[in-house]
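The primary structure of each chain is shown beneath.
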Amino acid sequence: GDAQSNITLTHAAVSVAASAADTVYVQAVNCSAPAGAGLTLTVEMETEAKNCMAATYGKTSALNLIRKVITKTSIEEGAQYAREASCDPTPEFYLALMMDWATDGTLEIVPVSASSDHAHFQVRRCLYAEMYQLNGLTELGQILSCGRDGTVCSGYNPNITLERTQTIMEGADY
């Protein structure tokens, strides 16, 4: 369906399993459902994963572990994007890639300027932030969604740095 009635979200850090060595694996889950229902299902799964880890490791250790896994997997994801790119991994091309990600309606990105050495844009709407805020999970959302942005970027090109002054997740307008 259209973006109004059917949203597909791909989100990391949902399915958690601890091995005998207490290694925690965080896997991606695809959730496709009517708007709202899919978001709620995703939040419930992420909340349960966080709660299981917090019960085992304590809240701070659990969040640090989630952050560590998200950092590692998002750097690898960014490197994969670079390998698949049809041109040099520049900030300008990275912005084009982000604009492509936004076509499903989960993000509303407004480009301000872009060139081979910089890209300036604003995220005007983020359904991930709305989902986490609605469920009182902004701390987790900051790690799982916002926290990935800079590390995906550095995995894409280690010479590109994402500088962000504010996030919708933290309550900013954009």
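Here the structure is a predicted model, which is why all the values come from computation and not from measurement. Throughout, a residue's number is its position along its own chain's written sequence, starting from 1. Selection of residues for local features in this predicted model requires a pLDDT of at least 70, selection of side-chain atom pairs for listing and counting requires 80 or more, and totals for whole chains, interfaces and linings are taken over all residues. Calculation of side-chain values draws on the structure's entire complement of heavy atoms; hydrogens and water are dropped beforehand.

K.L.:
Can you walk me through the packing of aromatic side chains in this structure?
P.N.:
When two rings of Phe, Tyr or Trp (its six-membered ring) have centres within 6.5 Å they constitute a pair, described as stacked for plane angles under 30 degrees, edge-to-face for angles over 60, and tilted for the intermediate range. Under the definition given, this model contains three aromatic pairs. Note on tyrosine 81 and tryptophan 101: the rings are 5.1 Å apart at their centroids and 50° apart in plane angle, and the pair reads as tilted. Within this pair, whereas tyrosine 81 is found in helix H2 (residues 59–84), its partner tryptophan 101 is found in helix H3 (residues 91–101), the two being separated by 20 residues in sequence. Summarising the aromatic geometry, the rings of tyrosine 94 and tryptophan 101 are spaced 6.0 Å apart at their centres and angled 90° between planes, so their arrangement reads as edge-to-face. Strands are runs of DSSP state E lasting at least two residues, helices are runs of H or I lasting at least four, and both sets are numbered from the N terminus onward.

K.L.:
Would you take a moment to explain H2 for this structure?
P.N.:
Note that an α-helix has 3.6 residues per turn; residues three or four places apart therefore point the same way. Expected helix span is given by 1.5 Å per residue-to-residue step, counting one fewer step than there are residues. Compared with an ideal rise of 1.5 Å per residue, which puts 26 residues at 38 Å, H2 spans 37 Å between its outermost C-alpha atoms and is within 8% of the ideal. The classification of residues rests on relative accessible area computed with a 1.4 Å probe and restricted to protein chains. Under 20% of the type maximum is buried, over 50% is exposed, and intermediate values are partly exposed. Among all positions in H2, only Ala62, Leu63, Ile66, Val69, Ile70, Ser74, Gly78 and Ala82 are buried.

K.L.:
Can you help me understand the side chain of threonine 90 in this one?
P.N.:
Secondary-structure assignment places threonine 90 in the loop between H2 and H3. A polar contact of 3.1 Å, which involves the side chain of threonine 90, links it to the backbone nitrogen of phenylalanine 93. Ignoring anything within four residues of it in the chain, the contact list for threonine 90 reads Ser116, Tyr156 and Ile160. The term polar contact refers here to a pair of N or O atoms within 3.5 Å; inside protein, the definition further demands a hydrogen-donor-capable atom paired with an acceptor-capable atom, and it admits residues adjacent in sequence only when both atoms are side-chain atoms. Contact criterion: two residues are considered in contact whenever any of their non-hydrogen atoms come within 4.5 Å of each other.

K.L.:
I would appreciate a short explanation of the state of the cysteines in the present structure.
P.N.:
In protein structure, a disulfide is the covalent linkage between the sulfur atoms of two cysteines. Two cysteine sulfurs form what is called a disulfide whenever their separation falls within 2.5 Å. Applying the stated criterion across every chain, the model contains zero disulfides. Here cysteine 126 is not cross-linked by a disulfide; its sulfur's nearest cysteine counterpart is in cysteine 146, at 6.2 Å.

K.L.:
What exactly am I supposed to notice about the nonpolar core here?
P.N.:
As a rule of thumb, soluble globular proteins bury nonpolar side chains together. Remark: nonpolar core denotes a set of buried residues (Ala, Val, Leu, Ile, Met, Phe, Trp, Tyr, Cys) joined through side-chain atoms within 4.5 Å. Counting residues in hydrophobic clusters, the biggest one holds 17 residues, and the most contacted among them are Ile66, Tyr132, Leu140 and Leu144. Broken down by secondary-structure element, the contributors of at least two residues to this core are H2, helix H4 (127–134) and helix H5 (138–156). Among all residues touching leucine 140, those that are not within four sequence positions of it are Glu46, Thr47, Lys50, Leu63 and Ile66. Ranked by size, the runner-up nonpolar core spans eleven residues in total, among them Leu97, Ile109, Tyr156 and Ile160.

K.L.:
Just checking my understanding: could you explain the pattern of salt bridges for this structure?
P.N.:
Two side chains with opposite charge may pair up if their charged atoms get near one another. By convention in these notes, a salt bridge is any Lys or Arg side-chain nitrogen within 4 Å of a carboxyl oxygen on Asp or Glu. Counted by the stated rule, this structure contains four salt bridges. In this structure, arginine 148 engages glutamate 77 in a salt bridge whose closest nitrogen and oxygen atoms are separated by 1.9 Å. One end of the pair, arginine 148, is in helix H5; the other, glutamate 77, is in helix H2, and 71 residues separate them in sequence. Residue classification places arginine 148 among the buried residues on the basis of a relative accessible area of 19%. Residue glutamate 77 is classed as partly exposed on the basis of its relative accessible area, which comes to 26%. The salt bridge involving glutamate 130 is made with arginine 125; its shortest N-O contact spans 2.6 Å.

K.L.:
Would you mind going over the pairing of strand E4 (residues 119–126) with me for this structure?
P.N.:
For a regular strand, the rule is simple: side chains alternate between the two faces of the sheet. By definition, two strands form a pair when at least two bridges between them are found by DSSP. Across seven bridges, strand E3 (residues 107–114) lies against E4 in antiparallel orientation. The residue bridging leucine 107 from the neighbouring strand is cysteine 126, located in E4. Count of turn residues in the E3/E4 antiparallel hairpin: four residues.

K.L.:
What am I meant to see in the environment of glutamine 133 here?
P.N.:
Mapping glutamine 133 onto the fold places it in helix H4. A residue is classified by how much of its surface remains accessible, and glutamine 133, at 32% relative accessible area, is partly exposed. Considered as a pair, glutamine 133 and glutamate 170 are 37 residues apart in the sequence and their alpha carbons are 9.0 Å apart.

K.L.:
For this particular structure, what's the right way to read the packing of H3 against H5?
P.N.:
The relative placement of two packed helices is expressed as an angle between their axes plus a distance between the axes. Think of each axis as a best-fit line through the C-alpha atoms, taken over the contacting stretch in the case of a helix, with angles from 0 to 180 degrees between the N-to-C directions. Look at H3 against H5: their axes get within 11 Å of each other, and the N-to-C directions meet at 130°. When the axis of H3 is compared with that of H5, the two are oblique. Considering how the two elements wind past one another, H3 and H5 form a crossing that is right-handed. Two secondary-structure elements touch here, H3 through Phe93, Tyr94, Leu97 and Trp101 and H5 through Asp149, Val152, Cys153 and Tyr156. Three categories are distinguished: nonpolar for Ala, Val, Leu, Ile, Met, Phe, Trp, Tyr, Cys and Pro, charged for Asp, Glu, Lys and Arg, and polar for the others, with Gly belonging to the last. Across the contact of H3 with H5, the residue classes break down as seven nonpolar, no polar and one charged. Put simply, angles under 35 degrees are roughly parallel, angles over 145 are roughly antiparallel, angles from 65 to 115 are roughly perpendicular, and the rest are oblique. Left-handed is the label given to a crossing in which the near helix is rotated counterclockwise from the far helix by less than a right angle, and right-handed is the label when the rotation is clockwise.

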